[in-house]
Every structure is written in C-alpha cells, then in structure tokens.
Amino acid sequence: MKASQFFIATLKEAPADAEVISHQLMMRAGMIKRLSAGIYNYMPMGLRVIRKVEAIIREEMVRSGAVELLMPLVQPAELWQESGRFQAYGPELLRLKDRHDRDFVVQPTSEEVITDIARQELRSYRQLPKNFFHIQTKFRDERRPRFGVMRGREFTMKDAYSFDRDKDGAAKSYDIMFAAYKRIFDRFGLQYRAVAADTGAIGGDLSHEFQVIADTGEDAIVYCPTSDYAANVELAEGIALGTRAAPGEAMVKTPTPGKSTCADVAALLGLPLQRTVKSLVLATDQLNEAGDVIKTTVWLLLVRGDHDLNEVKTGKVEGLKQGWRFATASEIEDHFGCKPGYLGPVSTKKPVKVIADRTVAAMSDFICGANQADFHITGVNWGRDLPEPDLVADIRNVVAGDPSPDGKGVLAIQRGIEVGHVFYLGTKYSKSMNANYLDENGKPQPMEMGCYGIGVTRILGAAIEQNHDERGIVWPAAIAPFAVVVCPIGYDRSAEVRAAADQLHETLGAAGIDVMLDDRGERPGAMFADWELIGAPLRVVISDRGLKAGTVEVQGRREAQASTVALAEAAALVK
Ligand code: ATP
Ligand code: MG
Ligand code: MG
Ligand code: MG
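Residues numbered from 1 in each chain as written. Chains lettered and ligands numbered in written order. Predicted model: local features only at pLDDT ≥ 70, side-chain atom pairs only at ≥ 80, totals over all residues.

The protein chain carries the name Proline--tRNA ligase in an unreviewed UniProt entry, which gives Pseudaquabacterium terrae as its organism. Quoted verbatim from the Subunit (unreviewed entry) heading of the UniProt record, the comment on the protein chain is "Homodimer." Listed in UniProt under the heading Subcellular location (unreviewed entry), the comment for the protein chain reads: "Cytoplasm". (UniProt positions renumbered as here; feature names shortened; annotations may be inferred.)

Written out as structure tokens, the structure is:
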C-alpha cells in the first residue's frame, strides 16, 4: 500500500467534544469521522483496524465450532412482540414504520430473529448443539452517546447464540465461548479481566463480562489479586458487602414476594426516572444526644431487574432500630424472586455526594420514617450514572482491603471497559417464542440458549485507552492498521532512496506483510509525527545517508531509539 493512493487525514487538534484520549486520538488520526451524535463514518484507516478485529473474532468463533450467518438490520416488530421486548425495551430501541404502517426495529441484538430461525430449522435433538454468530451493525439509542466509538449509537457487534438440549449442554456451550473469548482477547494483546456479572432476571451464575482494564472505563471491577475472584462492582457490592451483615444491625424486611420495576422505585422516591436504576447508595449518620455524628453508615440498596419495593414503601419497613434487619441472601431471593437483591450496611469514611435536598428528604422519609430522629440520610447516589469517581471512591473505601468472597485474599478495585459479554439465557426466548426441538422420545422440549457479544468497534477505543503515549496511538501489533511503515526521506528527490524503498515495500508486500510506503514526499518530522499518531507498530527509515553505509533505521513504536540494520537484513527483521 502506498500512502499517496491511500487516505491519510490527520489533525493537529481533537474536537472539543472528545473527552477521552481514545476518542481524541481516533479523531486526530483520521480513523473515524462524526456524522451525528454517536454515529460515525469509519474512515479507511479506522476500517482497517475494524477488519483486523473482526478477522480475529471470526477465526476464533469458527475454531470454536460456531457458524456464521447474517441477520437483517431491520427486523419486523412482530417477533419483538412475541418475546415481549417490543414493549419492554424502552427508548434505546429504535422503532420505525414502513410505508404500509407496519412496525419495525433496528436491531440492538438479534435474539428474536435467531430464535425464529432456530424454531424453524432446528427440529430434532440430533441437530443440537448449534451456535450461530454474525458480525453486524447494531443501533441503540443510547441516552448519552459519548467517548467516540466506545459508546456509539450505531456500532458493530459480534453476537453469537447457542442452542442446546438441556442446561448441561448450555453450560458446555457457555464454557466453549468463554474459552474462545479468552483466546480472542489474548490475541488482541489487551490487558483484560473476565468478571462475574449480573444475570438479572435470568438468575444463575453464568454471566461474565470481559473488561479491558482502563482508568476511563465506565465500569468498576472488584478483584482479588491473589485469587481468580473478579466481579463487576454491581454484582460485587452484593457479595462483598453482604458479608458484613450483622444480626440486628441492618435493615430490610419485605414480607411478601412480588414484582415491581425501577420506574416504581423512582415513583416511590418522587424522582423522575432519567436512567436505569441499578443501585441506590444511601448514607446515614447516627447522632448522639448532643447531635454529634458518631457513625456514618452507607446503606446500599441495590435494585436490579423486577424486584418488588412496594412492600418497602407501604410501611412494612419498620424503621432502622426496631424491625429492620439485614436480609440474608436466601431471604432476598425468596422475597424479591431474584438474586442477589441487596440491602445492607457498610461503613464509609466520607459521605456520598448529596444530589438534591428533595431527593435526600424523600429518601430519609422512606428509610427512616418520621420518628427516627437519630438517623438522617446524608446522601443518595443513583447507581453508576452518577459522578462516578465519587461512587467508586466510596466503594473503594468500603471494599478495597476487605476479605474476599472466596476466602483467598483481600479485594482491590479497578476500572474497566466492557468489551465482551457471555450470558446464559436459559429458555427465556425459546419459551416465549415456542422454539422447541423433539427429544429422543419425540417429545417437544424448549431449547436452552446462550448469547455472546463482543463490541467490535468498542475494542478500538478500549485498545487505545490502554495503549497510547503523548505522541499518539500505540496499536497492539495484531490489530494495527499497518504492521510496518516504510518512511523514505527524499522519496521525491533521491533515485537511490526511491529504489530501496520501493524494493522493501515490494518484498514485504510479497511476504504478506501489511506494509505501508509513505511516498508522499513529506518532511521527516511531519511524516514521523503522522505515523506515531496513527500508531504503526514499526517504522523503517530509508535515507541517502544510511544507504551510503548500506543501512536503514528500524524503530518499534514503543522504542525510544532506532536501531541501525543492514538494508539487506531489514526485510527479514521485519518479517
Ligand atoms: P454497556 O453496559 O456498556 O451499555 P451492554 O451491557 O449494554 O454494554 P451488551 O448488551 O452486553 O452491552 O452487548 C455486548 C457488547 O456490545 C458489550 O459488551 C459492548 O462491548 C458492546 N456495546 C454495547 N453497547 C455499545 C455501544 N453503545 N457502543 C459500542 N459498543 C457497545
Ligand atoms: Mg448498554
Ligand atoms: Mg453492561
Ligand atoms: Mg453487557
């Protein structure tokens, strides 16, 4: 590839709306171009990286036995009505009508369509297990698209769906995908963790997120450096903090099981529901008679899925001192019909941020009741959409250094970017959509499903967050747009330089190496700056001076110094 024929469009400055480094560098390197909020053109340089990411994913998926197909972007609403998601999905789902006034959606994932395929095509136990995947555009009308391709509205995902005869089979399929994901993220050359994640309404323990470690990540991970324990903080709160339950100290009692939604919780608290409520963090101060704070306690109330909090609302909660106590895990499961709903105390060194007095007052009434004068709420924190550093700092105070749930060390916390998610679905879709197979006895059985996503375009952002310096991107070799860039100094002036550069370009190209020859005749400073910004892992500089000694200069993107090598050996070295 020659630069003059390719398209290189680097910028000195990043646009003002680019908050994180990966977004800034992708814009400056000319990898993406914004069309609308969360909607980007993938420019030639960026597309090369996307294609490399896709190729690795595709190879490992096929190696694991998954079969590629391609499902439509625009999907009829009928299928989504069958599964119930047409109503349930909320504003992230882009709905549209055709000229006949029929409803359609632009897919945010494809469980419905794949289940529709499976119920028609997979009729017998002999055809199972089966795992289908595609790499396709997704649309999610994200409330806050940001960070460039990391939280886009239109983005590319690899999504796979497994179909099995029974739970054991589904668990095997899950393990196969888990192993494939490890190979994929290893090959990308990224530092990541597989963390236990929330299974929401499905229950069970088969859900893991693959998190690329980065300070700018939107998720917080609790892990144990001396064991394999790692969980998304959303889940870990329930587990790690739950161990602090002391009889009589804490607080919840919900007499009957039931169902209600986050919207109900919001209504209960008199708050507009602007975001999905994943957790509430409440802080209380305990005062002595003189009114001094003698203890600050953060009360965590995690709300996930469809728990019933109406009971809490309607006075079954008797107050902090008397009737309230810490709910055990099994009580929570019994009462809320899901696990691990969580309500419990933790101590913290500083109060969490107060959002609004109105909120605090409402929460105070709700938790303490009017007659609980010796407690008041000092703060309320709405899950992970709040000013996160505060939330994380608080959680850090709480859990870092605590013993871990597996008894093998103490907990630490770090931030991550969710780049992949493996999830056991059970029969959620097969039951609602009647996807049955006939077992050995000719009896229809619902298929056991799993779904497995990787954010293809998000990988680019995550990789850059982890691999950059003050000069630009440092692509891991496996996904770099070009493996090596040949930078001739004076390509337009010197016949010797030109001949040597062309020759090296030719040799490397013939060897199947992704080589770029910068034949634009740029000055060395500008040329080097471009490729450092773009992040080519390796650079070969050819100059008249070097050629006189029969040498060229080879420098890795992370190396401070170039090494001088014989021209004749350069190709072999790069290969
Ligand atoms: P998040 O928690 O970041 O919103 P999610 O849990 O909603 O992600 P999944 O439904 O698990 O996402 O989708 C699978 C993968 O798709 C995610 O692990 C992530 O890598 C990617 N992904 C999800 N939403 C986006 C987005 N808005 N932009 C880019 N990639 C995304
Ligand atoms: Mg999401
Ligand atoms: Mg997520
Ligand atoms: Mg997810």
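This brings us to the overall build of the protein chain. Regarding its fold elements, the protein chain presents 18 helices and 27 strands. Looking at the protein chain residue by residue over its 575 residues, the buried ones come to 43%. Of the contacts made within the protein chain by residues no fewer than 6 positions apart, 71% connect residues no fewer than 24 positions apart. (Helix = DSSP H or I, 4+ residues; strand = E, 2+ residues; numbered from the N terminus. Buried ≥ 20, exposed ≤ 12 C-beta atoms within 10 Å, placed from the backbone. Contact = placed C-beta atoms within 7 Å.)

One open sheet holds the 5 strands; their spatial order is S24-S23-S25-S26-S27, and the pairing between them is mixed. Across the chains shown, the open sheet's two edge strands, defined by having one partner strand only, are strand S24 (515-517) and strand S27 (563-566). If you compare each strand with its neighbour and ignore which way they point, the axes differ by 25° on average. Relative to strand S26 (residues 551-556), strand S25 (residues 538-542) runs antiparallel, the two sharing 4 bridges. Looking at the pairing, Val 541 lines up with Glu 553 of S26. (Pairing = 2+ DSSP bridges. Axes fitted to C-alpha atoms, helices over the stretch in contact; angles between N-to-C directions.)

Relative to the elements of secondary structure, Gln 211 occurs in strand S10 (residues 207-213). Taking the C-alpha atoms as reference, Gln 211 lies 4.5 Å from Glu 418; in sequence the two are 207 residues apart. The contacts of Gln 211, once residues within four sequence positions are left out, are Tyr 192, Arg 193, Val 195, Gly 217, Asp 219, Ile 221, Gly 416, Ile 417 and Glu 418.

Within S25, 5 of the 5 residues are buried, leaving the element largely enclosed by the surrounding structure. Of the two faces of S25, the one lined by Leu 538, Val 540 and Ile 542 and the one lined by Arg 539 and Val 541 are each fully buried. Bridge count between strand S23 (residues 484-488) and S25: 5 bridges; the pairing is parallel. Each residue of the ladder has a partner; that of Cys 487, found in S25, is Val 541.

With 4 bridges joining them, strand S1 (residues 32-36) and strand S2 (residues 39-42) adopt antiparallel strand pairing. Within S2, the position partnered with Lys 33 by the bridge is Asn 41. Here S1 folds back onto S2 in antiparallel fashion, the turn holding 2 residues, of which Gly 38 has a positive phi close to 70°.

This part covers the confidence of the model for the protein chain. When pLDDT is averaged across the protein chain, the result is 77; 69% of the residues are at 70 or more. Taken as a whole, residues 237-288 scores under 50 in pLDDT and shows 167 contacts with residues more than four places along the chain or in a different chain. Predicted confidence for residues 291-398 stays below pLDDT 50, and this span has 242 contacts to residues more than four positions away or in other chains. (pLDDT = per-residue confidence, 0-100.)

A few words on the site of ligand 1. Around ligand 1, a shell composed of 14 residues is seen, among which Phe 155, His 421, Gly 453, Gly 455 and Arg 458 lie nearest. When contributions to the shell around ligand 1 are tallied by element, the ones reaching two or more residues are strand S8 (154-164), strand S17 (412-426), strand S20 (448-455) and helix H14 (456-466). With 4 residues, S17 is the single largest residue contributor to the shell around ligand 1. Residues of the shell around ligand 1, tallied by class, amount to 3 nonpolar, 6 polar and 5 charged. (Near = placed C-beta within 6 Å. Nonpolar A, V, L, I, M, F, W, Y, C, P; charged D, E, K, R; others polar.)

Running from N to C, helix H2 (residues 44-63) and helix H6 (residues 167-188) point in directions that differ by 150°, and their axes come no closer than 9 Å. As the angle between them shows, H2 and H6 are arranged roughly antiparallel. Considering only the axes of H2 and H6, their crossing is right-handed. Counting all contacts with H2, which are made through Ile 56, Ile 57, Glu 60 and Met 61, the residues of H6 involved are Ala 180, Arg 183, Ile 184, Arg 187 and Phe 188. Residue composition of the contact of H2 with H6, by class: 6 nonpolar, no polar and 3 charged. (Parallel < 35°, antiparallel > 145°, perpendicular 65-115°, else oblique. Left-handed = near helix turned anticlockwise from the far one by under 90°.)

Let us look at the sheet that holds strand S6 (residues 103-106). Ordered in space as S4-S6-S5, the 3 strands form an open sheet in which the pairing is antiparallel. Only two strands of the sheet have a single partner each, and these edge strands are strand S4 (74-76) and strand S5 (94-97). This sheet shows a mean twist of 35° between the axes of neighbouring strands, independent of strand direction. Here S5 pairs with S6 via 4 bridges, running antiparallel. Bridged to Leu 96 within S6 is Phe 104.

The amide bond that connects Leu 128 to the next residue, Pro 129, takes the cis arrangement and shows omega of 0°. Relative to the helices and strands, Pro 129 resides in the loop between helix H5 (111-121) and strand S7 (130-139). Here Phe 147, not a glycine, exhibits a phi torsion of approximately 60°, which is positive. Relative to the helices and strands, Phe 147 resides in the loop between S7 and S8. A positive phi angle is found at Asn 434, which is not glycine, with a value near 60°.

In this section: H14. Summarising burial for H14: 11 of the 11 residues are buried, a large majority. Among all positions of H14, only Val 456, Thr 457, Arg 458, Ile 459, Leu 460, Gly 461, Ala 462, Ala 463, Ile 464, Glu 465 and Gln 466 are buried.

Relative to the helices and strands, Phe 210 is located in strand S10. Among residues more than four places away in sequence, those in contact with Phe 210 are Tyr 181, Phe 185, Tyr 192, Ala 194, Val 419 and Gly 420.

What describes two packed helices is the angle between their axes and the distance between those same axes. Across the interface, H2 lies against H14 with an axial gap of 9 Å and an inter-helix angle of 110°. In terms of orientation, H2 and H14 fall into the roughly perpendicular class. H14 is crossed by H2, and the crossing has right-handed handedness. Across from Gly 46, Val 49, Ile 50, Val 53, Glu 54 and Ile 57 in H2, the residues of H14 making contact are Val 456, Thr 457, Ile 459 and Leu 460.

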